[in-house]
Amino acid sequence: MITINKDQQFLIENILFVFALEMEAGEVFNKQNSLFTGIGKVNASYELTKAICQKRPDLIVNLGTAGSSQFKKGDVVCCTQFVQRDMDVRGLGFELYETPFSNIPLVLNYGLPMEGFPEGICGTGDNFEMEHNTTQYNVVDMEAYALATIANREKIPFLCLKYISDGADDTAAEDWPVLVHKAAVAFGEIFQINAIQLSE
């Protein structure tokens, strides 16, 4: 049983752990229901939709690395709100991040809080951001908004934890390859994966 907060617990066998890349999971999640989507919103959307059609989980957990200029490298942040940071149709009179002709809010509020972790707003886009200078989101990734949107539409609870691997700045490309391997260890400790596997 995995406890997310005082109101919500889930059986680990009914949880789908979603990563962009296998290196973010390492070997820690080998025995769990894990999905590796590949990088970007299109890949994430396709792979998660296909997985839900095959076996609907009770909880979707997105784990992965992210950049941030607010949180420190090595922090784990619980993202509860999501922005599509590369949606920009201001030329036609829409607000920045607004998806035209839709009912999707600028900020999607669809992430479970998890006790013991700071909450963040995740800005998702199909580019590796290295010049983060906005205050509208404080965590940067390339998949979470798409995953949260699908979970929301399917009415499946969604938890998003991001391991901060870089500062979303001019050193991001150097920092990410070094710290990405530490993410799996951190996530395994959070969910006590090793203890669960030993008890099986």
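Residues numbered from 1 in each chain as written. Predicted model: local features only at pLDDT ≥ 70, side-chain atom pairs only at ≥ 80, totals over all residues. Heavy atoms only, no water.

Time to look at the nonpolar core. Ranked by internal contacts, the top residues of the largest apolar core, which has 28 residues, are Val 18, Leu 48, Ile 60, Cys 79, Phe 82, Val 139 and Phe 158. For this core, the secondary structure elements donating two or more residues are β3 (15-19), α1 (41-54), β5 (59-67), β6 (76-84), α2 (144-154) and β9 (158-166). No other element matches α2, which puts 7 residues into this core. (Core = buried A, V, L, I, M, F, W, Y, C linked by side-chain atoms within 4.5 Å. Buried < 20%, exposed > 50% of the residue type's maximum accessible area, 1.4 Å probe, protein only. Helix = DSSP H or I, 4+ residues; strand = E, 2+ residues; numbered from the N terminus.)

Over its 14 residues, α1 runs 20 Å from end to end, which matches the ideal 20 Å to within 8%, given 1.5 Å per residue. Listed as buried for α1 are Lys 41, Ala 44, Glu 47, Leu 48, Ala 51 and Ile 52. Around the axis of α1, the buried residues are gathered within 145° of arc, so they sit on the same side. Relative to its buried face, α1 has exposed residues pointing more than 90 degrees away, namely Val 42, Tyr 46, Cys 53 and Gln 54. On its buried side, α1 packs onto β3, β4 (34-36), β5, β6, β7 (119-124) and α2. (Expected span 1.5 Å × (residues − 1). Arc of directions from axis to C-beta. Contact = heavy atoms within 4.5 Å.)

Bringing the packing of aromatic side chains into the picture now. Think of a pair of aromatic rings as described by two things: how far the centres are apart, and how the planes are tilted against each other in angle. Counted according to the given criterion, the structure contains 7 aromatic pairs. Among the aromatic residues, those joined into a cluster by ring pairs are Phe 17, Phe 19, Phe 29, Phe 36 and Phe 191. (Phe/Tyr/Trp six-rings, centres within 6.5 Å; stacked < 30°, edge-to-face > 60°.)

Turning to the confidence of the model for the chain, a few remarks are in order. Do not read the fine detail of predicted coordinates wherever pLDDT is low. Put simply, the chain has an average pLDDT of 89, and 90% of its residues get 70 or more. Within the chain, the lowest mean pLDDT, 49, falls on helix α4 (residues 193-199), and the highest, 98, falls on α1. (pLDDT = per-residue confidence, 0-100.)

This model, assessed by the stated rule, comprises 7 salt bridges. Two residues, Lys 41 and Asp 86, come together in a salt bridge whose shortest N-O distance is 2.7 Å. With a gap of 45 residues between them, Lys 41 in helix α1 and Asp 86 in the loop between β6 and β7 connect regions that are remote in the sequence. Look at Lys 41 and you get buried, because its relative accessible area is 11%. (Salt bridge = Lys/Arg side-chain N within 4 Å of Asp/Glu carboxyl O.)

With that settled, consider the packing of α1 against α2. To describe two helices that pack against each other, one gives the angle between their axes and the distance between the axes. At a minimum axis separation of 8 Å, α1 and α2 run at an interaxial angle of 35°. Here α1 and α2 pass one another in a crossing that is right-handed. Facing α1, whose interface residues are Lys 41, Ala 44, Ser 45, Leu 48, Thr 49 and Ile 52, α2 presents Ala 146, Leu 147, Ile 150 and Glu 154. Considering only residue class, the contact of α1 with α2 consists of 6 nonpolar, 2 polar and 2 charged. (Axes fitted to C-alpha atoms, helices over the stretch in contact; angles between N-to-C directions. Left-handed = near helix turned anticlockwise from the far one by under 90°. Nonpolar A, V, L, I, M, F, W, Y, C, P; charged D, E, K, R; others polar.)

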